[in-house]
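Structure assessment
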Amino acid sequence: MSNIPSTQLFPSRTHPSDRIRLCGVQDQPGFGPLTAVPHPDKAISQRATIVAAAGHGVSRLSNLADCRDLLRNLDCLADLGVNIRPIGDDAVEIQGQGPEAVTSTSLTVDVDNSATTARLLTAMVAASDADVTITGNTALRRRPMAEVVGPLHALGADIVDIGPNGHLPIQVRGRPLPGGSARIDVHSAQPVSAALLAAALAQGPSVIHRRVAARDHTERLLRWVGVEVEETPLTLHVQPRAWGPLSLRIPGDPSGAAFLAAVHLASAHRERPLVLREVCINSRRTGFFRILRSMGAEVDFSAVDHDTPEELANITIRAADQLRGVHIDDPELVQSAIDELPMIAALATLANGETRIGQASELRGKDTDRIVTTVELLRQFGVQARPTMDGLHVRPTPIQAPAILQLPRDHRVIFAGIVLTVLTGGYGELHGLEAVATSYPNAINELRRWVVVEE
Ligand SMILES: O=C(O)C1=C[C@@H](OP(=O)(O)O)[C@@H](O)[C@H](O)C1
Ligand SMILES: C=C(OP(=O)(O)O)C(=O)O
């Protein structure tokens, strides 16, 4: 096998325009449900590549997310010396040789925008023989790393240097990890995932204490390859062991499904049901759909056969005559909808009462401070919205699209901006869309089902 640059994958990948014009409702003759297939999941793709690289033998991963974060993730593994070979447009073989096969010294790996990759790679490198500096783009260098570094230190990692205020870049000096007991003091899933991976690669058993049971894709993948991970609501017990190769088709992204559902509910076609096919319905990711239900929409999951650690379903959405405002402050529900909260705030403008989102201070440490950028976005539409310490409040308001909507460099907030524009009839210019490629390069093409798009 030979190392490959990411450019060899996804030959027909869309490169979204930075500017588009929306020109009103798309003609949708006929009745019956609309159907769509969301893109493959980014969080699972990024974990699967790293679990494959840290295991032993040739893993085969197909239906990988074609987004920028995943491409960078593959390039970083290749930079570390992991052999990766494309075996189709969206599939790779990864030659896992265990983290100890990574022996580079004085290497700097740039993960660009992906915090998931930064945090999981830190754990893998910590258990290797390498000495690596991990850095990222300007936005990522403002995001917290100390919450990952602390638990890894507790498991025996040697992280010798960390940037100002606990941010990237960090220098990781790999060595055998003894394992031990680590505590995660934030709601975020990523420090838990990093600690889990380090624990699975350690020499002795570990226990990880967490504050909230958030997304558990790492737990599921590790169990899938035979690592013992026992779970109570707030602890994880891990028995390390070397694992073999992984064969996995990545399931559909519930966050991508949420975007399609939100656009549909905002559109003039919401009278028709929408069916979203083959979506991962891990309950720690599907908070958006539970919130939609409590707002009054009908959401049905119909299970689909699968051979992955995640459950899959076709999701059918039917609009409510009138959405209700909701109060969302249960930490587990918030984490299970964390990336979709800007879109919930957008849909809340349609509701018949105020929506309040709390316990969501994690939003402040994303690509942007999403509490600030979501409120700014809503205000561009004339919405009465206000930030709180740990969330935001949205009053239902008659809204109007600005002639030009200037979007922040943050895909999740851009998706909310698109939903708001569709909600106002689907007219207007959108500027600054390029960041949709972070997770969903094809999002603008998908939009054409509901509105006319000119590039
Ligand atoms: O673990 C993951 O794959 C992610 C976890 C969440 O971040 P936090 O764990 O930092 O809350 C989420 O916002 C991010 O999109 C991806
Ligand atoms: C914040 C996100 O991802 P990450 O933390 O991996 O950058 C996201 O996808 O919204």
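A brief structural summary. (Residues numbered from 1 in each chain as written. Chains lettered and ligands numbered in written order. Predicted model: local features only at pLDDT ≥ 70, side-chain atom pairs only at ≥ 80, totals over all residues. Heavy atoms only, no water.)

On to the overall build of the protein, then. When its secondary structure is counted, the protein shows 13 helices and 24 strands. For the C-alpha atoms alone, the extent of the protein along its principal axes is close to 60 × 45 × 40 Å. Restricting the contact set of the protein to residue pairs at least 6 apart, pairs at least 24 apart contribute 77%. Surface summary for the protein: the accessible area is close to 16400 Å², and the carbon and sulfur share equals 46%. In the protein, 43 side chains carry a positive charge and 51 a negative one; their mean positions are 3 Å apart. (Helix = DSSP H or I, 4+ residues; strand = E, 2+ residues; numbered from the N terminus. Contact = heavy atoms within 4.5 Å. Areas by Shrake-Rupley, 256 points an atom, 1.4 Å probe, with all protein chains shown as cover. Lys, Arg positive; Asp, Glu negative; His and termini not counted. Charge placed at Lys NZ, Arg CZ, Asp CG, Glu CD.)

A separate point is the site of ligand 2. In the vicinity of ligand 2, 13 residues are found, and the nearest of them are Lys-42, Thr-116, Arg-143, Gln-190 and Arg-412. Contact distances for ligand 2 include 2.8 Å between an oxygen atom and a side-chain N or O atom of Arg-143. At 3.3 Å from an oxygen atom of ligand 2 is found a side-chain nitrogen or oxygen belonging to His-411. Burial of ligand 2 by the surrounding chains reaches 97%, relative to a free accessible area of 290 Å². Elements that contribute at least two residues to the shell around ligand 2 include exactly α3 (115-126) and α12 (411-423). Looking at the shell around ligand 2, its residues break down into one nonpolar, five polar and seven charged. Each of domain 1 (6-41 + 251-454) and domain 2 (42-249) contributes no fewer than three residues to the shell around ligand 2. (Near = heavy atom within 4 Å. Polar contact = N/O pair within 3.5 Å; in protein donor to acceptor, adjacent residues only side chain to side chain. Nonpolar A, V, L, I, M, F, W, Y, C, P; charged D, E, K, R; others polar. Domains from an automatic or database assignment.)

If you walk across this open sheet you meet the four strands as β18-β19-β21-β20, and the pairing is mixed. Each edge of the open sheet carries a strand with a single partner, namely β18 (327-328) and β20 (384-388). When strand β19 (residues 355-357) meets strand β21 (residues 391-395), the two strands line up antiparallel, connected through three bridges. Looking at β21, one finds that Thr-355 is bridged to Val-394. Running over the sheet, helix α11 (residues 370-380) touches β20 and β21 and is turned about 170 degrees from β20. (Pairing = 2+ DSSP bridges. Axes fitted to C-alpha atoms, helices over the stretch in contact; angles between N-to-C directions.)

Glancing now at the pattern of salt bridges. Counted by the stated rule, this structure contains 32 salt bridges. The shortest N-O distance in the salt bridge between Glu-93 and Arg-60 comes to 2.9 Å. A residue pair is termed long-range when its members are at least 10 positions apart, and Glu-93 in strand β5 (residues 91-97) and Arg-60 in strand β3 (residues 56-62) qualify at 33 residues. Glu-93 gets classed as buried once you look at its relative accessible area, which sits at 8%. Glu-446 is the partner of Arg-449 in a salt bridge, and the nearest nitrogen-oxygen pair spans 2.6 Å. Glu-446 gets classed as buried once you look at its relative accessible area, which sits at 12%. The network of salt bridges with shared partners includes Arg-210, Asp-216, Glu-219, Arg-220, Arg-223, Glu-231, Arg-284, Glu-310 and Glu-311. (Salt bridge = Lys/Arg side-chain N within 4 Å of Asp/Glu carboxyl O. Buried < 20%, exposed > 50% of the residue type's maximum accessible area, 1.4 Å probe, protein only.)

Just geometry here; none of it tells us what the structure is for.
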